[in-house]
Amino acid sequence: RRQRLEELQREERTLVFYEAPHRIAATLADLRDLFGERTACVLREVTKMHETIARGSLAELAERGEQFARGEVTLVVGGAPRTSVAPPA
């Protein structure tokens, strides 16, 4: 997982992950370590009666990782900031 996340570090588009509940805490910790202070959202049980949504930085969500260890989990992570490229002279 960590190797694949390293490949996605510079992706500028929003990333969506479907994660197993028993791995969400470790995934959030890896994302925090690799992606830094990006904004993210953890959605649990989307479209169901007990749907929960948590928004914040990856660091904030990683601290709460164990709270998301039940049900179907979707993780949305903001893309990497665009790097400005100077036009050729």
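Residues numbered from 1 in each chain as written. Predicted model: local features only at pLDDT ≥ 70, side-chain atom pairs only at ≥ 80, totals over all residues. Heavy atoms only, no water.

**Quick notes on the nonpolar core**
Let me state the cut-off plainly: Throughout this description, the term nonpolar core refers to a set of buried Ala, Val, Leu, Ile, Met, Phe, Trp, Tyr and Cys residues connected via side-chain atoms within 4.5 Å. Note on classification: 1.4 Å probe, protein chains only; a residue is buried when its accessible area is under 20% of the maximum for its type, exposed when over 50%, partly exposed between these limits. Runs of E in the DSSP output that reach at least two residues are strands. Runs of H or I that reach at least four are helices, and both are numbered from the N terminus. Should any heavy atoms of two residues lie within 4.5 Å, those residues are considered in contact.
The biggest cluster of nonpolar side chains holds 19 residues, and the ones touching the most others in it are Phe17, Leu28, Leu31, Phe35, Leu75 and Val77. Elements with a minimum of two residues in this core: helix H1 (2-8), strand E1 (15-19), helix H2 (24-35), strand E2 (39-44), helix H3 (58-63) and strand E4 (73-77). Considering every element that reaches this core, the biggest residue donor is H2, with five residues. The residues touching Phe35, leaving out its near neighbours within four places in the chain, are Leu5, Leu8, Gln9, Leu15, Leu58 and Val77.

**Let's talk about the pattern of salt bridges**
Where we set the bar: Here, a salt bridge means any side-chain nitrogen of Lys or Arg that lies within 4 Å of a carboxyl oxygen of Asp or Glu.
All told, the structure shown has nine salt bridges when counted by the stated rule. The closest approach of N and O atoms between Arg4 and Glu7, which form a salt bridge, is 2.8 Å. Remark: Glu7 and Arg4 occur in helix H1; sequence separation between them is three residues, near one turn of the helix. Note on Arg4: relative accessible area 49%, which makes it partly exposed. Connected via shared salt-bridge partners are Arg1, Arg2 and Asp30.

**Some words on the sheet that holds E1**
Selection criterion: By definition, two strands form a pair when at least two bridges between them are found by DSSP. To obtain each axis, a line is fitted to C-alpha atoms, and for helices this fit is confined to the stretch in contact; angles are then taken between N-to-C directions over 0 to 180 degrees.
Pairing in this open sheet of four strands is antiparallel, and the strands run E1-E4-E2-E3 from one edge to the other. The open sheet is flanked by E1 and strand E3 (52-57), the only strands paired with a single partner. On average, adjacent strands in this sheet sit at an angle of 15° to one another, irrespective of strand direction. With six bridges joining them, E2 and E3 adopt antiparallel strand pairing. Looking at E3, one finds that Arg44 is bridged to Thr52.

**Quick notes on the side chain of Arg38**
As a reminder, the rule being used: The sign given to each residue is positive for Lys and Arg and negative for Asp and Glu; His and the chain ends receive no count. Counting of polar contacts relies on pairs of N or O atoms within 3.5 Å, with two restrictions inside protein: one atom must be capable of donating a hydrogen and the other of accepting it, and residues adjacent in sequence are counted only when both atoms are side-chain atoms.
For Arg38, the location among the structural elements is in the loop between H2 and E2. The buried charged residue Arg38 lacks any salt bridge, with Glu11 as its nearest oppositely charged partner at 8.3 Å. At 2.4 Å, the side chain of Arg38 forms a polar contact with the backbone oxygen of Gln9. Sequence-distant contacts of Arg38, that is, excluding residues within four places in its chain, are made with Gln9, Glu11, Leu15, Gly56, Ser57, Leu58, Val77, Gly78, Gly79 and Ala80.

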